[in-house]
Amino acid sequence: MKAVTWQGRRDVRVEDVPDPRIEEPTDAVIRITSSGLCGSDLHLYEVLTPFMTPGDILGHEPMGIVVEVGSQVPDLRPGDRVVVPFQIACGHCFMCDSGLTTQCETTQVTGEGMGAALFGYTRLYGAVPGAQAEYLRVPQAQFGPMKVPEGPPDDRFVYLSDVLPTAWQAVEYAAVPPGGSVAVLGLGPIGDMSCRIAVARGAERVFGVDLVPERLARASRRGVRTYDLRTFDDEKALVHAIRDDTGGRGPDAVIDAVGTEAHGSAAARLAQQATSLMPRRVAAPLAERFGVDRLGALYMAIDLVRRGGTISLSGVYGGMADPIPLLTLFDKQTQLRMGQANVRRWSDRIMPYLTDEDPLGVDDFATHRVPLAEAPHAYEMFQRKEDGAVKVLMKP
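All of the points below concern the structure found in this document. Just so it is clear, the model here is predicted, and its values are computed rather than measured. Here the residue numbering is sequential within each chain, running from 1 through the sequence in written order. Per-residue local features of the predicted model are confined to residues with pLDDT of at least 70, and side-chain atom pairs are confined, for both listing and counting, to 80 or more; whole-chain, interface and lining totals are unaffected and use all residues. Side-chain numbers here rest on the full set of heavy atoms in the structure, without hydrogens or water.

Considering the overall build of the chain
- The numbering of helices and of strands both runs from the N terminus, where a helix is a DSSP run of H or I of at least 4 residues and a strand a run of E of at least 2. Summing up its helical and strand segments, the chain has 12 helices and 15 strands in all.
- The method behind every accessible area is Shrake-Rupley, applied with a 1.4 Å probe, and residues are considered shielded solely by the protein chains displayed. A total accessible area of about 16,300 Å² is found for the chain, and carbon and sulfur atoms account for 51% of it.

Structure below.
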């Protein structure tokens, strides 16, 4: 089959790889009909290269048609249309029963000290072959795949794999009070959808911050008050502007949907780039012990949120030596919540929004739909934020 493989820093290729097959009785194999390109895939493109191996198959936002199931997958049949969560979870361990499927004790990558295995996301998360491919082996298929109805196009449901539950959890963790306010830093796919969900769930004021004109315009059309970072002298000036719109206090909650590759943080950016250029056998131990993030978005969130407010982190961070202003967090009595989205915890609550009325705008959420063969160009375009790219779907 054809699959998108990682070959090095900013080097992905579409190659022929072996077809997946049933390996465990709890497996299924699906034929991919749509697969998303996620903002966190871009971290593999550059920042997290020390944890990648040439030939790794990328991607973790799939939907498709079941073609084969193992003997211990009772609720799926060949021909079923399914969306597959980006994490692999059993559904019956202590963590899954607690709603924390990203901490699944059955699939935890204990050798790396990490949580549940993820599709297509470094050796830290199990080096499981990913979903930007023609076919996908799905472990723990007795729990993970979600059956969806025939009829509507893939765009209606594909975001249940990641974008929708990640954005939903970001808003849930933000704990916006009824009629309250929330600022979303970064208006890529997760930030954009977080704004839409916050509006749908009753936030009175939603502020969006970015520096890409097309992203700002998309959010503005959905009723978000947007701020273009480029029009302010510095981040402090932007923080003051949002405070002025919230009675001088700042918003009740801030969602950081940017993560480790935030704008600014020049020293951290140089450190990340230097590590990504080192041989992997040298770079990986350094990154595991001394890795740093670009923390511009997090620092802004800490400064911006009102005293007693909540910061919700949905952007991916990977540093082990990040300087965090604990004095400020403690003094402001700030609540901080974070983590990979627990997809199946939220999926049933999201499904009622995926109607023909389309209140979240999923049907036209994608800005680009490309054949799998054009994946290298799609990665480059998305990484450079060119051609108005916000969300890319690949079609094998």
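Quick notes on empty space enclosed by the protein
- Lining residues are defined by having an atom within 4 Å of a point belonging to a cavity or pocket. Those points lie on a 1 Å grid over the protein atoms alone, cavities being sets where a 1.4 Å probe fits but cannot get out and pockets being open sets with protein on both sides within 12 Å along at least five of seven lines. Grid points are joined across faces, edges and corners, and a volume is the space filled by probe spheres set on the points. In total, this model carries one cavity of 30 Å³ or more according to the counting rule given.
- Taken as a whole, the largest cavity spans an internal volume of roughly 40 Å³.
- In terms of lining, the largest cavity is formed by Val-84, Pro-85, Gln-87, Ile-88, Ala-89, Phe-119, Val-138, Pro-139, Gln-140, Gly-144 and Pro-145.
- In terms of residue class, the lining of the largest cavity is made up of eight nonpolar, three polar and no charged. Three classes are used, and their members are as follows: Ala, Val, Leu, Ile, Met, Phe, Trp, Tyr, Cys and Pro are nonpolar, Asp, Glu, Lys and Arg are charged, and the others, Gly among them, are polar.

Focus: the environment of Met-146
- Tracing the sequence through the fold places Met-146 in strand β7 (residues 146-147).
- Along the backbone, Met-146 and Ser-347 are 201 residues apart, and their C-alpha atoms lie at a distance of 8.7 Å.

Let's talk about the environment of Arg-77
- Among the structural elements, Arg-77 can be located in the loop between β4 (62-69) and β5 (81-83).
- Taking the C-alpha atoms as reference points, Arg-77 and Val-66, 11 residues apart in sequence, are found 6.7 Å from one another.
- For this analysis, a polar contact is any N or O atom pair within 3.5 Å, provided that within protein one partner can donate a hydrogen and the other can accept it, and provided that sequence-adjacent residues contribute only side-chain to side-chain pairs. Polar side-chain contacts of Arg-77 include one of 2.9 Å to the backbone oxygen of Pro-74.

Focus: the sheet that holds strand β11 (residues 253-256)
- In space, the six strands of this open sheet follow the order β10-β9-β8-β11-β12-β13, with parallel pairing throughout. If you trace the sheet from one side to the other, it starts and ends with β10 (225-228) and β13 (335-338), each paired once. Across the sheet, the mean angle from the axis of one strand to that of its neighbour is 20°, orientation sign disregarded.
- As paired elements, strand β8 (residues 181-185) and strand β9 (residues 205-210) share five bridges and run parallel to each other. In the strand pairing of β9, Ala-183 is matched with Phe-207.
- It only takes one pair of heavy atoms within 4.5 Å for two residues to be counted as in contact. Axes, fitted as lines to C-alpha atoms, cover a helix only where it is in contact. Angles between the N-to-C directions of the axes lie from 0 to 180 degrees. Relative to β10, helix α5 (residues 213-221) is tilted by about 165°, and along the sheet it contacts β9 and β10. If DSSP finds at least two bridges between two strands, the strands pair.

Notes on unusual backbone geometry
- The backbone of Asp-358 shows a phi angle near 50°, a positive value even though the residue is not glycine.
- With respect to the helices and strands, Asp-358 occurs in the loop between α11 (343-350) and β14 (368-371).
- With a phi close to 55°, Lys-385 is a non-glycine residue in the positive phi region.
- Along the chain, the position of Lys-385 falls in the loop between α12 (375-383) and β15 (392-395).

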